[in-house]
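Results of the structural survey
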Amino acid sequence: MDKLILASASPRRRELLELIGVPFRVVKSDAPETITKEAPGEIVMELSARKAEDVAGSVRDGYILGADTIVWAEGRLLGKPADREDAQRMLKMLSGKAHQVFTGVTILVKEHGEEAQKDSFFCRTIVHVHDMTEEEICGYIDTGDPFDKAGSYGIQGPFAAFVDGIEGDYQNVVGLPVSEVYRHLRKQGFSWSL
């Protein structure tokens, strides 16, 4: 059985798996990020499953982990910003309010070329952002940090200056709820020593 395969090129997800000492290799998924679900938890589970299934097509034996993170604010999905104006719009929407971050995870197990198990779940964290001035928003955008991140921010970077607090799993906001991932991998029989 192969070690864990991370179906994501996200450097943050790689760092989080390294944090808990899990042996893994990366195989980037090219699955389209089209959505058929409406509820945020279902959306991220759908997207994570699609990524895991895409990579599983080229795996005979192994554990494949797909993940997807979205920001949910005012009843709307905030993905990665298309450009500077889009990032500015999103950050104004988050300023002075609480929003939710959802990460969906799918762990798919392949044995002898067949799907043996598939487990999808999601985690939700509430993030409180203090009021940001126009100057603060523009200054943050100038760092370049928002452009590859859902909701136009990364909690682990300069945006930390604007976070009043969170309710839930911090790692989930970064991009992978590693405590839940650890439990689900163990439940499916994947073992390693920390």
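Structure shown above.
Taking 1.5 Å as the rise per residue, helix 2 (residues 40–56) with 17 residues should run 24 Å; its terminal C-alpha atoms sit 24 Å apart, in good agreement. Counted residue by residue, helix 2 has twelve buried out of 17 residues, so it is predominantly covered. Elements in contact with the buried residues of helix 2: strand 1 (4–6), helix 1 (11–19), strand 3 (62–73), strand 4 (76–78), strand 5 (98–111) and strand 6 (114–129).

Bringing the nonpolar core into the picture now. Leu-4, Val-22, Leu-65, Tyr-153, Phe-159, Leu-176 and Leu-185 are the most contacted members of the largest nonpolar core, which totals 43 residues. When neighbours within four sequence positions are excluded, Leu-176 is seen to be in contact with Arg-13, Leu-16, Leu-17, Leu-65, Ala-67, Thr-103, Val-105, Gln-171 and Val-181.

Positive phi outside glycine occurs at Glu-74, with the angle close to 50°. Among the secondary structure elements, Glu-74 is positioned in the loop between strand 3 and strand 4. Relative accessible area serves as the criterion here: at 53%, Glu-74 is assigned to the exposed category.

Attention now moves to the pairing of strand 5. Most of strand 5 sits inside the fold, with eleven of its 14 residues counted as buried. For strand 3 and strand 5, the ladder comprises eleven bridges, and the chain directions are antiparallel. By the bridge assignment for strand 5, Asp-68 is matched with Gly-104. Connecting the antiparallel pair strand 5 and strand 6 is a turn made up of two residues, with His-112 showing a positive phi of about 55°.

Our next topic: the pattern of salt bridges. Applying the stated criterion across every chain, the model contains 15 salt bridges. Linked by salt bridges that have partners in common, Arg-12, Asp-145, Asp-148 and Lys-149 make up one network.

Take the packing of helix 3 (residues 84–94) against helix 4 (residues 134–142) next. Where helix 3 contacts helix 4, the two axes come as close as 10 Å, and the packing angle between them is 135°. If you check the angle between helix 3 and helix 4, you find them oblique. Considering how the two elements wind past one another, helix 3 and helix 4 form a crossing that is right-handed. Together, Arg-84, Ala-87, Gln-88, Leu-91 and Lys-92 of helix 3 and Glu-134, Ile-137, Cys-138, Tyr-140, Ile-141 and Asp-142 of helix 4 make up the contact between the two elements. When grouped by side-chain class, the residues that make up the contact of helix 3 with helix 4 number six nonpolar, one polar and four charged.

Rules used in this analysis
- Residues numbered from 1 in each chain as written.
- Predicted model: local features only at pLDDT ≥ 70, side-chain atom pairs only at ≥ 80, totals over all residues.
- Heavy atoms only, no water.
- Helix = DSSP H or I, 4+ residues; strand = E, 2+ residues; numbered from the N terminus.
- Expected span 1.5 Å × (residues − 1).
- Buried < 20%, exposed > 50% of the residue type's maximum accessible area, 1.4 Å probe, protein only.
- Contact = heavy atoms within 4.5 Å.
- Core = buried A, V, L, I, M, F, W, Y, C linked by side-chain atoms within 4.5 Å.
- Pairing = 2+ DSSP bridges.
- Salt bridge = Lys/Arg side-chain N within 4 Å of Asp/Glu carboxyl O.
- Axes fitted to C-alpha atoms, helices over the stretch in contact; angles between N-to-C directions.
- Parallel < 35°, antiparallel > 145°, perpendicular 65-115°, else oblique.
- Left-handed = near helix turned anticlockwise from the far one by under 90°.
- Nonpolar A, V, L, I, M, F, W, Y, C, P; charged D, E, K, R; others polar.

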